[in-house]
2 protein chains.
Amino acid sequence: MRIGIVGGTGKEGKSMARRWALKGHDVRIGSRDPERAKATATELTSDTGRALSGGSNEWAIADVDVVLLSVPYGGHSDTLRALKDGLRGKVLIDITVPLKPPKIRLVHLPAGQAAALEAQAILGDDTPIVATLHHVSSVHLADADHKIACDVLCCSDNAEAMQKVIGLVEDLGMRALDAGPLQNAVALESLTPVLLHLNAKYKGAGAGITFTGI
Amino acid sequence: MRIGIVGGTGKEGKSMARRWALKGHDVRIGSRDPERAKATATELTSDTGRALSGGSNEWAIADVDVVLLSVPYGGHSDTLRALKDGLRGKVLIDITVPLKPPKIRLVHLPAGQAAALEAQAILGDDTPIVATLHHVSSVHLADADHKIACDVLCCSDNAEAMQKVIGLVEDLGMRALDAGPLQNAVALESLTPVLLHLNAKYKGAGAGITFTGI
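What you are looking at is a predicted structure, and each value in this text was computed from that prediction instead of being measured.

S.K.: Give me the lowdown on the interface of chain A and chain B, citing residues and values where you can.
M.R.: If you look at the interface, chain A gives 38 residues, while chain B gives 38 residues. Both sides of the chain A and chain B interface together cover about 3,100 Å² of buried area, and 66% of this is carbon and sulfur. On the surface where chain A and chain B come into contact, there are two salt bridges. Notably, a salt bridge pairs lysine 201 of chain A with aspartate 178 of chain B, separated by 3.3 Å at the nearest N-O pair. Contributions of two or more residues to the side of chain A that touches chain B are made by strand 8 (175-178), helix 8 (185-201) and strand 9 (208-212) of chain A.

S.K.: I'd like a rundown of the pattern of salt bridges, residues and numbers included.
M.R.: On inspection of all chains with the given rule, the structure shows 22 salt bridges over all chains. In this structure, the salt-bridge partner of arginine 28 of chain B is aspartate 26 of chain B, at a minimum N-O distance of 2.9 Å. In the salt-bridge network here, residues are joined through shared partners; they are Arg2, Asp63 and Asp65 of chain A.

S.K.: Quick rundown of the sheet that holds strand 7 (residues 151-156) of chain A? Include the residues and the values.
M.R.: Residue and element names in this part refer to chain A. Here eight strands make up an open sheet; going across it, the order is 3-2-1-4-5-6-7-8 and the pairing mixed. At either end of the open sheet lies a strand with only one pairing partner, and these are strand 3 (53-56) and strand 8. Strand-to-strand twist in this sheet, taken as the mean axis angle between neighbours without regard to direction, amounts to 25°. Of the pairings in the sheet, the one linking strand 6 (residues 129-132) to strand 7 comprises three bridges and is antiparallel in character. Note that in strand 7 the partner of alanine 131 across the bridge is cysteine 155. Contacts between helix 4 (residues 76-87) and the sheet are confined to strand 1 (2-6), strand 4 (66-69) and strand 5 (91-94), with strand 4 contributing the most and set at about 170° to the helix. Most of the contacts of helix 7 (residues 159-171) go to strand 7, to which it runs at about 160°, and overall it touches strand 1, strand 4, strand 5, strand 6, strand 7 and strand 8.

S.K.: Explain the relation of the copies chain A and chain B residue by residue, including any values.
M.R.: Least-squares fitting of chain A to chain B yields an RMSD of 0.0 Å, with the superposition described by an axial translation of 0.0 Å and a rotation of 180°. Look at the turn and shift together and you get a two-fold axis relating the two. When the interface residues of chain A are mapped onto chain B, 100% of them again lie at the interface, so the same face is used by both copies.

S.K.: Let's hear about the nonpolar core: which residues, and what values?
M.R.: Membership of the largest hydrophobic core comes to 71 residues, with the highest contact counts inside it found for Leu153 of chain A together with Leu153 of chain B. Ignoring sequence-local partners within four residues, the contact set of leucine 153 of chain A consists of Ala131, Thr132, Leu133, His135, Leu177, Ala179, Leu188 and Phe211 of chain A together with Leu191, Val194 and Leu198 of chain B.

S.K.: Give a description of the sheet that holds strand 5 (residues 91-94) of chain B that names residues and reports values.
M.R.: Pairing is mixed in the open sheet, where eight strands are placed in the order 3-2-1-4-5-6-7-8 (chain B). Whereas interior strands pair on both sides, the edge strands pair on one side only; in this sheet they are strand 3 (53-56) and strand 8 (175-178) of chain B. Across this sheet, the average inter-strand angle for adjacent strands is 25°, counted without regard to direction. In the sheet, strand 1 (residues 2-6) of chain B pairs with strand 4 (residues 66-69) of chain B via four bridges, with the strands oriented parallel. Its bridge partner being in strand 4 of chain B, isoleucine 3 of chain B is matched across the sheet by valine 66 of chain B. Contacts from helix 8 of chain A reach strand 7 (151-156) and strand 8 of chain B, with the element oriented near 95° to strand 8 of chain B.

S.K.: Please provide a residue-by-residue account of the packing of helix 8 of chain A against helix 8 (residues 185-201) of chain B, values included.
M.R.: The N-to-C vectors of helix 8 of chain A and helix 8 of chain B enclose an angle of 140°; their axes lie 8 Å apart at closest approach. Here helix 8 of chain B runs oblique to helix 8 of chain A, going by the angle between their axes. Considering only the axes of helix 8 of chain A and helix 8 of chain B, their crossing is left-handed. Judged by residue contacts, Val186, Ala187, Leu188, Ser190, Leu191 and Val194 of chain A of helix 8 of chain A engage Val186, Ala187, Leu188, Ser190, Leu191 and Val194 of chain B from helix 8 of chain B.

S.K.: Explain the side chain of glutamine 120 of chain B to me, using residue names and the numbers behind them.
M.R.: Among the secondary structure elements, glutamine 120 of chain B is positioned in helix 5 (residues 115-123). By relative accessible area, glutamine 120 of chain B is classed as buried at 18%.

S.K.: Which residues make up the state of the cysteines, and what are the values?
M.R.: Taken as a whole and judged by the stated rule, the model has zero disulfides over all chains. Considering cysteine sulfurs only, cysteine 154 of chain A is the nearest to cysteine 150 of chain A, which forms no disulfide, with 11 Å between them. Judged by its relative accessible area of 4%, cysteine 150 of chain A falls in the buried class. Take cysteine 154 of chain B: it sits in no disulfide, and the sulfur closest to it among the cysteines is that of cysteine 155 of chain B, at 7.8 Å.

S.K.: Account for helix 4 (residues 76-87) of chain B, with residues named and values stated.
M.R.: All names here are of chain B. Taking 1.5 Å of rise per residue, 12 residues should cover 16 Å, yet helix 4 covers just 14 Å from first to last C-alpha, more than 12% shy of that figure. All buried positions along helix 4 are accounted for by His76, Thr79, Leu80, Leu83 and Leu87. Along the long axis of helix 4, the arc covered by the buried residues comes to 95°, so they all point the same way. Exposed residues lying more than 90 degrees from the buried face of helix 4 are Asp78, Arg81, Ala82 and Asp85. The inward-facing, buried residues of helix 4 abut strand 1, helix 3 (57-62), strand 4, strand 5 and helix 5. Positive backbone phi, at 85°, marks glycine 89, one or two positions downstream of helix 4.

S.K.: Quick one: what's the story with the pairing of strand 4 of chain B, residue by residue and with numbers?
M.R.: Consecutive side chains along a regular strand alternate between the two faces of the sheet. Residues and elements named next belong to chain B. Here strand 4 shows a buried face lined by Val66 and Leu68 and a second buried face lined by Val67 and Leu69. Sheet topology note: the strand 4/strand 5 ladder contains four bridges and is parallel. Directly across from valine 67, in strand 5, lies its bridge partner leucine 92. Note that the unit made of strand 4, helix 4 and strand 5 has a crossover that is right-handed.

Analysis parameters
Residues numbered from 1 in each chain as written. Chains lettered and ligands numbered in written order. Predicted model: local features only at pLDDT ≥ 70, side-chain atom pairs only at ≥ 80, totals over all residues. Heavy atoms only, no water. Contact = heavy atoms within 4.5 Å. Buried area = accessible area lost by both parts, 1.4 Å probe. Salt bridge = Lys/Arg side-chain N within 4 Å of Asp/Glu carboxyl O. Helix = DSSP H or I, 4+ residues; strand = E, 2+ residues; numbered from the N terminus. Pairing = 2+ DSSP bridges. Axes fitted to C-alpha atoms, helices over the stretch in contact; angles between N-to-C directions. Least-squares fit on C-alpha atoms with pLDDT ≥ 70 in both. Core = buried A, V, L, I, M, F, W, Y, C linked by side-chain atoms within 4.5 Å. Buried < 20%, exposed > 50% of the residue type's maximum accessible area, 1.4 Å probe, protein only. Parallel < 35°, antiparallel > 145°, perpendicular 65-115°, else oblique. Left-handed = near helix turned anticlockwise from the far one by under 90°. Disulfide = S-S within 2.5 Å. Expected span 1.5 Å × (residues − 1). Arc of directions from axis to C-beta. Right-handed = clockwise from strand over helix to strand, strands pointing away.

Here is the structure:
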């Protein structure tokens, strides 16, 4: 699949790009700084033996099936407004957690209840959104050989987009679960500060979640 | 420990009463209907071989250390307002999930963001609250011999109350984890509809959560 990554030079975006490239996907690294994106793409090409390319965010999403949005919450709505036209008709994977630094271990509900719901309000119905991957530690993702002991919850109002993204999450090496409509992203996003609290409290370096009984 | 259960004739309250009684705690079953509470207490006494007693909710909380609140969200704030004076100085365990029937698989944020935060607003600072046990299926709890494959998250602003409740949750047979301040109850409460969705989607009968990496 052709995947464009907005914010592809960050920890999460880069790690997912590496794992997807190793699975044979055509991955494009986007960044506000195209030169940085190109450098990341060159590094990942050398790491993986697969050809990745890099450029602006606009370029990265221009000719793809799926877009991964990987930016801090502070830049979430501005980024979406800027890319709105280019995102039309593509599936958007939104992994944003509305953290409010410095209190990143405390649940912060944004005005729209969830970043993913705010994204849908900005993009309208022409861009199906799947909210997912809020609970996977970048520490685990970074090591592409590492099996990750974490189930991944996916929320969407669009069944086709959900199926596509479930497949892509499984290509990252984890079990993906349909967690219901996009409204349920409120639960997914707000659980991340709890995981960060657990890491701090119990000296973990990447708490994850698995589901039992299903 | 002396534990009073408000709503002790319901599925969750009754199951917890049984497990705590078997661990040697002095458990009082409360209900709006004192006769029903007495019948439940008699049944549990016969089940467990421990002496449980039953009566009104006011009676159940009168002379205890810890109160478990186990009522539907629809009766949550009225129950707390009615019991406010009797709860003063006791630790309140709030397991309420603000479900909005019939859409119980969809996250519903209450006006105060979380039932536990609404409880704190009603009760004030004289009653420390611990929000917990939102994710344990009553199916699993009901069988007192059954080992439950579920970690239990606990939120509180009061460290002493937190420690007390962590011990009581472990007496129920599960690992209890400090999940941070009461504000994080937003995440805990909103995850329950997701578990109900997972049960429906994957034909499970009691999805649970465990945490890895800590």
